[in-house]
Amino acid sequence: MDIRPLTPGYAVSPQIDPADFAAIKAAGYTMVIDNRPDGEIPPSHHTDVMAQAARAAGLEFVANPVIGGMLTMENVAAQAEAIAKATGPILAYCASGNRSSIVWALAHAGKMGVDDLISTPAKYGYNLEGLRGQLEALAAR
């Protein structure tokens, strides 16, 4: 498991394993957001399996599958809603953590500076510079 905190309340990670949820809970996270579609992964890591393991560990679990190259504003709204209702720190995961970083940044447009939304994930190798125009447009709303 490779947890990468973007803020004190939101971290991203590449794909996690069902056996990781106890350690995620022990690390202080209260919610896990799954940004990985089932079509990308083996049945052992499908949403229903992951949700059951998360809940067994005492974690809230939210499924918000983001298809690579096909991110929607519904994905952004669902991520924002999950973030807003979290009672503590969140761990969001996908294949590499990139999609979880992108939906975080888009959900925070207008709430944080665009430079921060780009530079924070960049610390972990996620290049969101290509989203600058979209982040600026969302922030201007």
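Here, the structure is the one placed above.
Residues numbered from 1 in each chain as written. Predicted model: local features only at pLDDT ≥ 70, side-chain atom pairs only at ≥ 80, totals over all residues. Heavy atoms only, no water.

> When you look at the pairing of strand β2 (residues 10-13) in this model, what are you seeing that I'm missing?
Note on strand geometry: in a regular strand, side chains alternate between the two faces of the sheet. Judged by which residues are buried, β2 turns out to be covered on both faces: Tyr10 and Val12 on one side and Ala11 and Ser13 on the other are all buried. Pairing of strand β1 (residues 4-7) with β2, which is carried by three bridges, proceeds in the antiparallel orientation. Note that in β2 the partner of Pro5 across the bridge is Ala11. Between the end of β1 and the start of β2, which pair antiparallel, lie two residues. Across four bridges, the pairing between β2 and strand β5 (residues 90-93) is parallel. (Buried < 20%, exposed > 50% of the residue type's maximum accessible area, 1.4 Å probe, protein only. Helix = DSSP H or I, 4+ residues; strand = E, 2+ residues; numbered from the N terminus. Pairing = 2+ DSSP bridges.)

> How should the packing of helix α4 (residues 98-107) against helix α5 (residues 114-122) be read in this particular structure?
To characterise two packed helices, one gives the angle between the axes of the helices and the distance between these axes. Where α4 contacts α5, the axes come no closer than 10 Å and their chain directions differ by 160°. Comparing the axis directions of α4 and α5 gives the class roughly antiparallel. The interaxial crossing formed by α4 with α5 has right-handed handedness. Contact residues: α4 offers Ser101, Trp104 and Ala105, while α5 offers Leu117, Thr120 and Pro121. By residue class, the composition of the contact of α4 with α5 is four nonpolar, two polar and no charged. (Axes fitted to C-alpha atoms, helices over the stretch in contact; angles between N-to-C directions. Parallel < 35°, antiparallel > 145°, perpendicular 65-115°, else oblique. Left-handed = near helix turned anticlockwise from the far one by under 90°. Contact = heavy atoms within 4.5 Å. Nonpolar A, V, L, I, M, F, W, Y, C, P; charged D, E, K, R; others polar.)

> Where do I start with the nonpolar core in this structure?
What tends to happen in soluble globular proteins is that the nonpolar side chains get buried as a cluster. Membership of the largest hydrophobic core comes to 26 residues, with the highest contact counts inside it found for Tyr10, Ile33, Leu128 and Leu135. For this core, the element with the most residues is α4, which contributes six residues. Discounting chain neighbours no more than four positions away, the residues touching Leu128 are Asn98, Ser101, Ile102, Ala105, Leu117, Ile118 and Pro121. One finds Phe21, Ala51, Ala53 and Leu91 within the second-largest nonpolar core, a separate group that totals 14 residues. (Core = buried A, V, L, I, M, F, W, Y, C linked by side-chain atoms within 4.5 Å.)

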